[in-house]
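Below, each chain spelled out in residue letters.
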Amino acid sequence: MAFESLSERLSGVFKRLRGKGKLTEADIKAAMREVRTALLEADVNYKVAKDFIAGVTERAMGQEVMESLTPAQQVIKIVNESLTELMGGNEAARIHIKSKPPTVLMLCGLQGNGKTTHAAKLGKWFLKQGHRPLLVACDIYRPAAIDQLQVVGKQAGVPVFTMGTEKPEIIAKKAIAHAKDYGNDIVILDTAGRLHVDQALMDELGRIKEAVEVDEVLLVVDAMAGQDAVNVAKAFNEAVAVDGIILTKTDGDTRGGAALSVKAVTGKPIKFQGTGEKLDDLEVFHPARMASRILG
Ligand code: GDP
């Protein structure tokens, strides 16, 4: 189960802290060292973990906590709030739907991270909310990718626009004209992936963004990739200016590093999380809920 070892480690630290009654500065410092180790072992980015611990320690050493009747409880509360803040704050980040349709979402990411699956999941999610989404096959390099989008589109009950191996920016342009003609208010572009971050891919995504008005670039990243997921997000964000992240495979045995560091490192919020292989396995990402889940 995801985050299990991090949760276990943290609950161990807090249990010991609770057993102490009144806390000294040394108790808090020792606990924070343990929390830091737990975060690093969960594959949280080094600088993120360091800054996080510095912030929590400063707050925990405050008079209010030290003089409180339940100091351990106060420390846990601070950790909870700080984790929430780290992952984006109390408000879940949403997708802004334009009043003048269509809203165009471009999904990008490395191969195998779950892009095509999540294009269909998002399509289904919007369909359930009364929208009329259109999926667009802009991955022209792998014929299987177009077929796959058609298959998942059909499962989701969402139409799929394809033009074979035409240039992706032309496909995107024609798809948006099609959406306007047919009343599709949300256009979801499924773009090509690569095994590694590569300039040709970034150039291609850039050409799509130049050719059509993309409202949101959503980066699909595999939570199980840990630190790598964060590096990939950073690279995509620098190259194509990402608006939000879809963190996939949070149901797997991810240690939590990506969920905890990606917002801090890129400055971009996680908007959705993928929680399974089925097309209904998509949830709005709530930082506070994730923090509570991690703290058990
Ligand atoms: P793409 O190459 O980025 O388009 O990736 P795909 O959409 O083809 O997904 C790659 C694999 O990951 C497929 O086997 C999906 O079923 C699986 N997958 C996608 N999202 C999730 C998820 O949230 N949880 C799990 N467990 N598997 C997922």
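What you are looking at is a predicted structure, and each value in this text was computed from that prediction instead of being measured.

Draft legend 1. Just the pattern of salt bridges, in detail. If you walk through the whole model with that rule in mind, you get 16 salt bridges. D222 is the partner of K249 in a salt bridge, and the nearest nitrogen-oxygen pair spans 3.3 Å. On the criterion of sequence distance, the pair formed by K249 in the loop between β6 (244-248) and α11 (257-266) and D222 in strand β5 (residues 216-222) is long-range, its members being 27 residues apart. For K249, a relative accessible area of 28% puts it in the partly exposed group. Look at D222 and you get buried, because its relative accessible area is 12%.

Draft legend 2. Up close: the site of the ligand. Neighbouring the ligand are 17 residues; G112, K115, T116, T117 and D251 lie closest to it. Backbone polar atom of T116 to an oxygen atom of the ligand: 2.8 Å apart, as the coordinates give it. Protein coverage of the free-state accessible area of the ligand, which is 580 Å², stands at 80%. Counting residues per element, the shell around the ligand draws most heavily on helix α6 (residues 115-128), at five residues. Of the residues in the shell around the ligand, the class split is one nonpolar, 11 polar and five charged.

Draft legend 3. Geometry of the nonpolar core. In terms of nonpolar packing, the biggest core is built from 79 residues, with L83 and F236 touching the most fellow members. Examining the composition of this core, we find that seven residues originate from one element, helix α5 (residues 71-86), more than from any other. Filtering out sequence-adjacent residues up to four positions away, L83 remains in contact with F52, L260, A291, I294 and L295.

Draft legend 4. Structural detail: helix α8 (residues 168-182). Relative to the 21 Å expected for 15 residues at 1.5 Å per residue, α8 spans 20 Å between its end C-alpha atoms, a close match to the ideal helical length. When α8 is considered as a whole, its buried residues turn out to be P168, E169, I171, A172, A175, I176 and A179. Mapping the buried residues of α8 onto a view down its axis gives an arc of 155°, with all of them on the same face. The outward face of α8, more than 90 degrees from its buried face, is lined by the exposed residues K173, K180 and D181. Taken together, the buried residues of α8 touch β1 (103-108), β2 (133-137), β3 (160-161), β4 (186-190) and α9 (199-211).

Rules and cut-offs
- Residues numbered from 1 in each chain as written.
- Predicted model: local features only at pLDDT ≥ 70, side-chain atom pairs only at ≥ 80, totals over all residues.
- Heavy atoms only, no water.
- Salt bridge = Lys/Arg side-chain N within 4 Å of Asp/Glu carboxyl O.
- Helix = DSSP H or I, 4+ residues; strand = E, 2+ residues; numbered from the N terminus.
- Buried < 20%, exposed > 50% of the residue type's maximum accessible area, 1.4 Å probe, protein only.
- Near = heavy atom within 4 Å.
- Polar contact = N/O pair within 3.5 Å; in protein donor to acceptor, adjacent residues only side chain to side chain.
- Areas by Shrake-Rupley, 256 points an atom, 1.4 Å probe, with all protein chains shown as cover.
- Nonpolar A, V, L, I, M, F, W, Y, C, P; charged D, E, K, R; others polar.
- Core = buried A, V, L, I, M, F, W, Y, C linked by side-chain atoms within 4.5 Å.
- Contact = heavy atoms within 4.5 Å.
- Expected span 1.5 Å × (residues − 1).
- Arc of directions from axis to C-beta.

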